[in-house]
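# Structure at a glance
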Amino acid sequence: MRLTRRPIAAVALVALAAPLLAACGGEEKPSLVVYNAQHEELIDVVAKEFTKETGIEVQLRNGSDLELGNQLATEGDASPADVFLTENSPAMTLVDQEGLFAELDATTLDQIPEQYRPDDGQWTGFAARSTVMVYNTDQVSEDELPTSIMDLAKPEWRDRISFSPTGADFQAIVSAVLATQGTAATREWLAGLKTNGTVYDGNNVVLESVNSGEKPAGVIYHYYWYRDQEESGENSDSSQLHFFEDGDPGAFISVSGAGVLESSDDAEDAQKFVEYLVSPKGQQVIADSYALEYTLNPEVDLGRDVRPLSDLSPPDVDVSELSSPEVTELMQEAGFL
């Protein structure tokens with residue numbers, strides 16, 4: 001009898017535990033896991049609106065572009081991620097080259113102009129930022145403004161320029177210089193910046209240093225200045241933006257990317273999330289947010305006091321060919337990383 005009671009008791013315990021295990025394991029697990037390297041606050045708002053619209057829960061796992069891109073490359077098919085979002089496109093290329101993306105639905109791809117997504121349809125852009133030079137109006141006159149970002153490596157800009165090279169933002173700008181000017185010119189440009197420039201930790205710090213007069217000028221993305229203007233102007237009122245023109249690498253537009261992982265267990269919902277992100281509804285959420293990043297669906301305009309995307313003249317750069325590994329190598333060689 002003792003021998004039979006123990007198995008019965010064990011079966012009973014398993015039966016009682018089964019609903020609890022199911023509740024802990026299945027029902028409470030978010031439908032989608034998004035590896036997010038875009039701004040956490042922005043994507044959190046988008047994800048919540050997506051959940052309201054569809055009932056699909058989303059869990060964000062936040063990190064930097066290359067951190068999460070390399071993590072996906074390491075995890076491979078075992079990754080728990082369903083969707084990958086980046087702030088800049090080189091990390092998307094890194095994951096795409098590993099063969100980890102599923103092709104996006106045509107209804108998603110058709111909503112974004114071709115220049116903001118790769119030809120293979122494995123991922124798409126959903127937001128963008130323009131490279132700009134911010135300058136202190138008391139220290140730099142308009143007739144001193146350079147016609148090219150390449151000029152910042154010249155002797156006349158010694159001790160007059162600042163930037164934040166360790167983040168993915170500046171590395172994406174370097175990738176545009178590499179794509180348009182080649183390896184030798186990029187190496188020479190980085191060496192000139194090393195001589196001329198002051199390194200800060202973060203684009204906001206670059207903006208503050210220029211506005212305070214600590215440095216006459218800096219290289220950032222457009223929205224840092226516009227966001228400060230919209231909030232208070234405390235760190236931007238003594239400065240202005242200089243947009244480079246005529247396809248100069250300094251007019252580079254960095255694209256934030258979105259892709260669905262081939263290994264996703266929730267592929268249908270993952271496709272729905274990316275489709276929502278680029279749809280008029282999702283793009284309007286981005287336009288209405290604090291971010292002031294450019295929307296890429298032509299049906300939605302940023303509609304704020306920001307120079308329109310259509311007024312910019314970026315270089316003709318294939319977003320799928322921006323190279324993280326070579327950029328990293330060149331920046332290490334220059335002493336920035």
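Residues numbered from 1 in each chain as written. Predicted model: local features only at pLDDT ≥ 70, side-chain atom pairs only at ≥ 80, totals over all residues. Heavy atoms only, no water.

### Re the overall build of the protein chain
Secondary structure summary: the protein chain contains twelve helices and eleven strands in total. C-alpha extents for the protein chain along the principal axes are approximately 95 × 40 × 40 Å. Per-residue burial over the protein chain gives 53% buried out of 337 residues. Contacts spanning at least 24 positions in sequence make up 75% of the contacts within the protein chain whose residues lie at least 6 apart. When the accessible area of the protein chain is evaluated, it comes to approximately 15,300 Å², of which 47% is carbon and sulfur surface. With 20 positive and 60 negative side-chain charges, the protein chain shows a separation of 10 Å between the mean positions of the two kinds. (Helix = DSSP H or I, 4+ residues; strand = E, 2+ residues; numbered from the N terminus. Buried < 20%, exposed > 50% of the residue type's maximum accessible area, 1.4 Å probe, protein only. Contact = heavy atoms within 4.5 Å. Areas by Shrake-Rupley, 256 points an atom, 1.4 Å probe, with all protein chains shown as cover. Lys, Arg positive; Asp, Glu negative; His and termini not counted. Charge placed at Lys NZ, Arg CZ, Asp CG, Glu CD.)

### Regarding the nonpolar core
Among the nonpolar cores identified, the biggest contains 103 residues, and Phe84, Leu85, Phe126, Phe170, Trp189 and Phe273 are the most heavily contacted of them. When neighbours within four sequence positions are excluded, Leu85 is seen to be in contact with Val34, Tyr35, Asn36, Ala37, Gln38, Ile43, Phe126, Gly257, Ala258, Phe273 and Leu277. (Core = buried A, V, L, I, M, F, W, Y, C linked by side-chain atoms within 4.5 Å.)

### Things to note about the confidence of the model for the protein chain
The predicted model of the protein chain averages 91 in pLDDT, with 91% of residues at 70 or higher. Between residues 1-27, whose pLDDT stays under 50, and residues either more than four places distant or in other chains, the model counts three contacts. (pLDDT = per-residue confidence, 0-100.)

### Regarding the packing of helix α7 (residues 183-196) against helix α12 (residues 324-334)
Contact geometry of α7 with α12 gives a least axis separation of 9 Å together with a crossing angle of 40°. Taken together, α7 and α12 sit at an angle that is classed as oblique. In this structure, the crossing between α7 and α12 has a hand that is right-handed. Residues Thr183, Thr186, Arg187, Leu190 and Lys194 of α7 pack against Glu326, Leu330, Met331, Glu333 and Ala334 of α12. Its residues placed into classes, the contact of α7 with α12 shows four nonpolar, two polar and four charged. (Axes fitted to C-alpha atoms, helices over the stretch in contact; angles between N-to-C directions. Parallel < 35°, antiparallel > 145°, perpendicular 65-115°, else oblique. Left-handed = near helix turned anticlockwise from the far one by under 90°. Nonpolar A, V, L, I, M, F, W, Y, C, P; charged D, E, K, R; others polar.)

### As for helix α9 (residues 222-231)
Because each turn of an α-helix spans 3.6 residues, side chains separated by three or four positions in sequence point in the same direction. Counting buried positions along α9 yields seven of ten residues, so the element is predominantly enclosed. Where α9 is buried, its residues meet β5 (124-136), α6 (168-181), α8 (203-212), β8 (217-221), β9 (239-242) and β11 (294-295). In the segment just after α9, Gly233 is the residue with positive phi, at about 80°.

### What about the pairing of strand β10 (residues 253-261)?
In terms of residue burial, β10 counts as a mostly covered element, since nine of its nine residues are buried. Residues Ile253, Val255, Gly257, Gly259 and Leu261 point to one face of β10 and Ser254, Ser256, Ala258 and Val260 to the other, with burial holding for every one of them. As paired strands, β5 and β10 are joined by six bridges and run antiparallel to one another. Bridge assignment links Thr124 to a residue of β10, and that residue is Ala258. (Pairing = 2+ DSSP bridges.)

### With respect to the packing of α6 against α12
Two numbers describe how α6 lies on α12: the axes approach to 9 Å, and their chain directions differ by 100°. The angle between α6 and α12 places the two elements in the roughly perpendicular class. In contact with Phe170, Gln171, Val174, Ser175 and Leu178 of α6, α12 contributes Glu326, Val327, Leu330 and Met331. Residues that form the contact of α6 with α12 fall into these classes: six nonpolar, two polar and one charged.

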